[in-house]
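# Chain and residue survey
Here is what each chain is made of, one letter per residue.
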Amino acid sequence: MALKIVKGSIDRMFDKNLQDLVRGIRNHKEDEAKYISTCIDEIKQELKQDNIAVKANAVCKLTYLQMLGYDVSWAAFNIVEVMSSSKFTYKRIGYLAASQCFHESTDVIMLTTNQIRKDLSSPNQYDTGVALTGLSCFVTPDLARDLANDIMTLMSHTKPYIRKKAVLIMYKVFLKYPESLRPAFPRLKEKLEDPDPGVQSAAVNVICELARRNPKNYLSLAPLFFKLMTSSTNNWVLIKIIKLFGALTPLEPRLGKKLIEPLTNLIHRIMSADRSVYIPFLVARVRTKGESMSVLKYVKAMFVFVVKYLGLLAMSKILKTHPKSVQSHKDLILQCLDDKDESIRLRALDLLYGMVSKKNLMEIVKKLMLHVDKAEGTTYRDELLTKIIDICSQSNYQYITNFEWYISILVELTRLEGTRHGHLIASQMLDVAIRVKAIRVFAVAQMATLLDNAHLLTGNVQRKGICEVLYAAAWICGEFSEHLDNPTQTLEAMLRPKVATLPGHIQAVYVQNAAKLFATVLKSQEGNTDSTAAQETSQLMIDRLPLFVQSANLEVQERASCILQLVKYIQKLQQKDVEIAEEVIALFAGELNPVAPKAQKKVPVPEGLDLDAWINEPPSESESEDEQPRAIFAKEEPKHSRPRHTEVDEKELAKRREARKQEQANNPFYIKSSPSSQKVYQEAPGVEHIPVVQIDLSVPLKVPGLPMSDQYVKLEEERRQKDRADKKKKEKKKRKEKRSGRGKRHDSGPESEEDITPAHMVDIVTEEMPEVPSRISNTISPSTLWVFDDKKSSKHKKKKQKKEKEEKEKKKKKKHHHHHHHSDGGGEESVQNGTVEEEEPLPVSRDGPDQVNDIQGNLQDGSQVVVSVIFENKCDSFLKSMEFNVLDSLNSKLQRPEGSGPHDGLTVPFQLPPGQSNVCLFVIHYLLFVVVFPQNEDSSTHEKLDFKLHFTCTSYLISTPCYSDAFAKLLESGDLKCSSVKLEGVVMPFHHLLARICFRHHFSVVERIDSCASMYSRSIQDHHVCLLVKTSGQTVSIDAKCDEPTLLGNVLDEIKQTFSQC
Amino acid sequence: MIKAILIFNNHGKPRLSKFYEHYNEDTEQQIIRETFHLVSKRDENVCNFLEGGMLIGGSDYKLIYRHYATLYFVFCVDSSESELGILDLIQVFVETLDKCFENVCELDLIFHVDKVHNILAEMVMGGMVLETNMNEIITQVDAQNKMEKSEVSLTLFDIYS
């Protein structure tokens, strides 16, 4: 026997222990995984031996490997073996391993019950301690049930070390086996007064955790805790108790008052000690008036300390109960917004929400807008955006005094790059335009400009989210078209062929509202003696609508064909010189009245009406395939304001009313009740109770020239000053009349706004965005890439142009599809539903389509590039469907909708009438394309065009804004390689040169000083590229720095090439 | 409750990981990586608190961390723990390590992960703070180490007798 042990321990000397394992891993940095797998094999051998020491050593190593991410659950049984060793050393190793890798579904846990029970009753306190510690990590309901009694006896163990652990583990037992709580509670309560501070603290800890879940049951303990709070000196215990009181005070208001005094004492005591930092959470927990007031000054002092964050946290807690007291610290909080720490900024943002008032709203939002411009991460920017909207829209726009300002803020927000919240902005626009009647003139003008510049919003795939705004814009322009300055122009803008690239639900709104606009235009033109204008408008509709009639989206198709027929009929009547404008307008007549969301509840159900009864038995299958069209459109059904027939019997009437109300209640556009809506429902009892929200609206007396939101702040100030002066005058008068001068600030009600015509609104957007080039319209310049020459095309010969491909950036990309969220229903669905043209191409010598493209990296997904392809139909026949395909290769792949095979093409989501062009964006994982044009009109012919795309190095650059300080830091970092190039004989002005680099090579200007500029861009793989461009006379020198030398060389070559061409 | 305690170095190499809630190994590694990513990009002179966000289970959780020389000590806690209390606890933890290892450095943690676990077990148990008094912790750790040593000599005695 002894010999065997000796043999075992000699073997052991040759085994690796933990230190050797760690050292080995460090020495095998190159092939770590391989080394570890051999180690695991060794460990498996060791585990097979009888010697417990060897086993324990192996288990110890496994624990380390588990930390590195290796699954060691296969050794669970061996771990149990080691746990059951009689030696403390091994037992500890075993329990540690178990606590790291056992969990509820580990089946060997069942085997441990008796072993653990034995350890718990061991005479050695450390055996018990180790068992308790281990158990706390892997306790299961079964273990808890079986061991609850044993642990409960340990709670009154003689050694405080054990008592402490036993008390603490009871919380875990309660969680897994709630029945144990009732019998254990008296003992737990006892432990609150244990002589040992450690045990006391553990008991407080457990009760606090329990009370967090259900504070009510622990109210009875309040006096005990009160005593503890005044007597204890242990900060941990104090913190926990105060947290507990925080949970209790809302349930028992008297407690709050009682707490003021001891808490203030406590704060003073702690403040004088060096633990001054504990205050904020004392403050935070107890929400009593007097207390929070007295403590605020300490919170303010906190800002001097490092712990701004906690100060802000505390303030946000106080804000919930006492907003006034925090408001006075507005400046402090605004300062925190400038903090470089994101945690602090986010906290400060939260606080701002509660701090706005009518007076400071504009100022705060202006500040936030500045931050939006500066913000770097998209998440923080999105957070800012939602906060701005939250702040402004809270409690029914309570704090907004000037809605023109708010609309322009919303319009400014649409210019954000890559935001996800287009929908939010859109719903705000709609909400404001519908609910604030007086703002409509202004809103309509703004929306018309937005529509006019729609390409800026949709031109870029990265801005997909933002095109939701167009939905709101189109609807507002249509619904309130009577306010439009130039409805014809807006109509034109809404019927542009480019609209067909928008998501289906937006197109549908476009079509419907084009019809409304058409009605308005007709009306204005019919008054004229010359009827040609009106007929031209009808012709425009007839020309453009077919594009939508062939849309893949059902909603769009249906609306478009319906309206097309209508317009055709109108045209017929026009030719007979019949006045029809009135009738057309009647189609869309009727005013929208906002209704409170809960208004429906106030209407009692008429007698004899069973709302739960089926009107029609439900069909056996649910037909919910078509989720695309939204409920929103329900309202846009043509409404006839018909007089109600009194003959209809009472029941029928009630039913109808009910149905209508149901419909309106479900309609998001019926929001709040307004006085005018009450008239309609006068017969219904109890309508008076419908909460009527008065929107406090005062408007500026002056028409602003520029709609920059900033100016509203100034205007607002002026207005307020004026108001104040006015008010003073009035007050003087009123004083004589003994009337209180405390009227509304502004009483020039909404009516006065009606006659304000915003004069300069149309140029606003263009004025502010001159430097943002419309990417698509610029790409039409023929030099960009290549154009198919139709003359060259001959029968039975595929057109082909090969271009050298840039090899450099062709690093391997992930092959799987990235789910790039196209909200574009049109394009994608058509592939799934429609037929995919697979026929052999019938080459027909015709005027070929014209294609120019722009290739760009995709901001959201590093492994994608976006190619915008312009299709221009140069022939005289109608291109009915087009398909776009790319032969996937190792390095690139066209992004196809889910479910389509690797060789299926993408149907281009529009059709091309002769002589028109349109743009389509494709997301590609690089490479070669085939476009099939089945030209279908008279002979249903197909033509296939082969082409190759030239992916230059700069296609993979993403123009990213960079701030000069960050730029400087980047240059200083020294990681960048340097290279430079000189260009001679460049005659263009410097700013043209910069614009060209920006546009062609996707750079952005960081700083420009005279004839010197720094520029920045990054590749989709996050390589930084920095340029310093200097010019003197006709020589331009470009110094470039980049962390990837090959990329650098290629970029410079390309820039050189660009300028050698001109 | 403390949800997890992580120690990793400036390059994100884990030196100790203790999860008080079960995750599988891959998730654990991912959590460590993400936490490192979040923590390492923060400046030295910003606050020690980070709202965990998506990382470990939602908005109620916070990351509280301290950076000592080459090591990050990160605690993931829920709202029932006080931020400064945990900062204090990290300090106690590091001071205890310093006492136990005599001028602790990263190498000590690399080669003696088991000992670090044992020390931690005397401070935090099952996600709840057990002891914050450094002397008490050291006493218990020392007593256990002494016991271990006596067992080793006993084994030797066994072998050679």
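Fair warning: this is a prediction, and the values are worked out from it, not measured in the lab.

Rules used in this analysis
- All residue numbers refer to position in the chain's written sequence, counted from 1.
- Here the convention is simple: chains get letters from A, ligands get numbers from 1, in the order in which they are written.
- Local features are withheld for residues below a pLDDT of 70 in this predicted model, meaning they are given only at 70 or higher, and side-chain atom pairs are given and counted only at 80 or more; totals for whole chains, interfaces and linings count all residues.
- Note: side-chain values were computed over all heavy atoms of the structure, leaving out hydrogens and water.
- Only DSSP runs of H or I covering at least 4 residues are called helices, and only runs of E covering at least 2 are called strands; the numbering of each starts at the N terminus.
- Any residue under 20% of the maximum accessible area for its type is buried, any over 50% is exposed, and the rest in between are partly exposed; the area is computed with a 1.4 Å probe on protein chains only.
- Residue contacts follow a heavy-atom distance rule, with two residues in contact if any of their heavy atoms lie within 4.5 Å.
- Computed by Shrake-Rupley with a 1.4 Å probe, the accessible areas treat only the displayed protein chains as cover when residues are assessed.
- Each patch is built from residues that are more than 30% exposed by relative accessible area and take part in no salt bridge. Like charges join if they lie within 9 Å; nonpolar side chains (Val, Leu, Ile, Met, Phe, Trp, Tyr) join within 5 Å.
- The rule for a salt bridge is simple: a side-chain nitrogen of Lys or Arg has to be within 4 Å of a carboxyl oxygen of Asp or Glu.
- We count Lys and Arg on the positive side and Asp and Glu on the negative side, and we leave His and both chain ends out.
- Here the site of a charge means NZ on Lys, CZ on Arg, CG on Asp, or CD on Glu.
- Here the quantity called buried area is the total loss of accessible area, with a 1.4 Å probe, experienced by two parts when brought into contact, counted for both.
- We call two N or O atoms a polar contact when they sit within 3.5 Å, provided that within protein one can donate a hydrogen and the other can accept it, with sequence-adjacent residues counted only if both atoms are side-chain atoms.
- How sure the predictor is of each residue is captured by pLDDT, a score from 0 to 100.
- Here, any two strands with at least 2 DSSP bridges between them count as paired.
- Angles shown run from 0 to 180 degrees and are taken between the N-to-C directions of axes, each axis being a line fitted to C-alpha atoms and, for helices, limited to the stretch in contact.
- Grid points spaced at 1 Å and placed over the protein atoms alone form the basis of the search, with a cavity being a set where a 1.4 Å probe fits but cannot get out and a pocket an open set showing protein on both sides within 12 Å along at least five of seven lines. Lining residues have an atom within 4 Å of a point.
- Grid points are joined across faces, edges and corners, and a volume is the space filled by probe spheres set on the points.
- For this classification, Asp, Glu, Lys and Arg are treated as charged, while Ala, Val, Leu, Ile, Met, Phe, Trp, Tyr, Cys and Pro are nonpolar and the rest, including Gly, are polar.
- Note on disulfides: each one is a pair of cysteine sulfur atoms within 2.5 Å.
- Side-chain atoms within 4.5 Å are what join buried Ala, Val, Leu, Ile, Met, Phe, Trp, Tyr and Cys residues into a set we call a nonpolar core.

The subject of this paragraph is the overall build of chain A. Across its full length, chain A carries 44 helices and 14 strands. When each of the 1062 residues of chain A is scored for burial, the buried share is 54%. If you take every contact in chain A between residues at least 6 apart in sequence, the share linking residues at least 24 apart comes to 71%. Total accessible area on chain A stands at roughly 50,000 Å², and carbon and sulfur atoms take up 52% of it.

Residue and element names in this part refer to chain A. On the surface, a cluster of negative charge is made up of Asp577, Glu579, Glu582 and Glu583. Its location among the elements puts Glu579 in the loop between α32 (554-575) and α33 (581-587). Owing to a relative accessible area of 58%, Glu579 belongs among the exposed residues under this scheme.

Every contact between the two is made by 61 residues of chain A and, on the other side, 59 residues of chain B. Regarding the contact of chain A and chain B, the summed buried area is about 5,700 Å², with carbon and sulfur atoms giving 56% of it. Broken down residue by residue, the surface that chain A buries against chain B is led by Met67(A), Arg92(A) and Trp236(A), which jointly contribute 14%. Counting across the interface, chain A meets chain B through 6 salt bridges. One salt bridge in this structure joins Lys165(A) and Glu122(B), with 3.6 Å as the shortest N-O distance. Joining chain A to chain B, the criterion identifies 28 residue pairs in polar contact (both at pLDDT 80 or more).

What follows covers the environment of Leu1027(A). All names here are of chain A. Within the element layout of this structure, Leu1027 appears in strand β13 (residues 1024-1032). In the structure, Leu1027 is positioned 11 residues away from Tyr1016 in sequence and 6.2 Å away in space, judged by C-alpha atoms. Here Leu1027 is in contact with Phe967, Ile997, Phe1003, Ala1013, Ser1014, Met1015, Ile1038, Asp1039, Ala1040 and Ile1055, once residues within four sequence places are set aside.

Right, let's get into the confidence of the model for chain B. With 90% of its residues at a pLDDT of 70 or more, chain B shows a mean pLDDT of 85. Our summary of model confidence lists the complex with pTM equal to 0.54 and ipTM equal to 0.94.

On to the sheet that holds strand β4 (residues 62-68) of chain B, then. All names here are of chain B. Spatially, 5 strands are ordered β2-β1-β5-β4-β3 in an open sheet, and the strand pairing comes out antiparallel. Every other strand in the sheet has two partners, leaving β2 (14-19) and β3 (49-51) as the edge strands with one partner each. Adjacent strand axes in the sheet meet at a mean angle of 15°, parallel and antiparallel pairs treated alike. Here 7 bridges tie strand β1 (residues 2-9) to strand β5 (residues 71-77), and the two strands are oriented antiparallel to one another.

As a further point, take empty space enclosed by the protein. Scanning all chains against the criterion turns up 12 cavities of 30 Å³ or more. A volume near 220 Å³ is recorded for the second largest cavity. For the second largest cavity, the lining is made up of 21 residues, of which Leu96(A), Thr133(A), His117(B), Asn118(B) and Ala121(B) are closest to its centre. For the lining of the second largest cavity, the elements supplying multiple residues, two or more each, are α6 (88-101) and α8 (125-138) of chain A together with α4 (113-123) and β6 (124-125) of chain B. Here the lining of the second largest cavity is composed, by residue class, of 9 nonpolar, 8 polar and 4 charged.

All names here are of chain A. One pass over the structure, following the stated rule, counts 0 disulfides over all chains. Its sulfur unpaired, Cys1042 is 8.0 Å from the next cysteine sulfur, which belongs to Cys1026. Overall, the relative accessible area of 0% leaves Cys1042 in the buried class.

Core analysis: the biggest nonpolar cluster contains 135 residues, and Leu352(A), Tyr406(A), Leu413(A), Met429(A), Tyr510(A) and Ile2(B) have the highest contact counts within it. If one sorts the elements of this core by residue count, helix α30 (residues 504-526) of chain A sits on top with 12 residues. Counting residues in each nonpolar core, the second largest holds 100 residues, with Leu132(A), Ala203(A), Cys208(A) and Ala211(A) among its members.

Next up on the list: the pattern of salt bridges. Under the counting rule described, the total for this entry stands at 25 salt bridges over all chains. Here Asp20(A) makes a salt bridge to Arg23(A), at a shortest N to O gap of 3.5 Å. Within this pair, Asp20(A) and its partner Arg23(A) are both found in helix α2 (residues 18-27), separated by 3 residues, close to a single helical turn. For Asp20(A), a relative accessible area of 29% puts it in the partly exposed group. With a relative accessible area of 41%, Arg23(A) lands in the partly exposed category. Here Asp78(B) makes a salt bridge to Arg212(A), at a shortest N to O gap of 3.1 Å.

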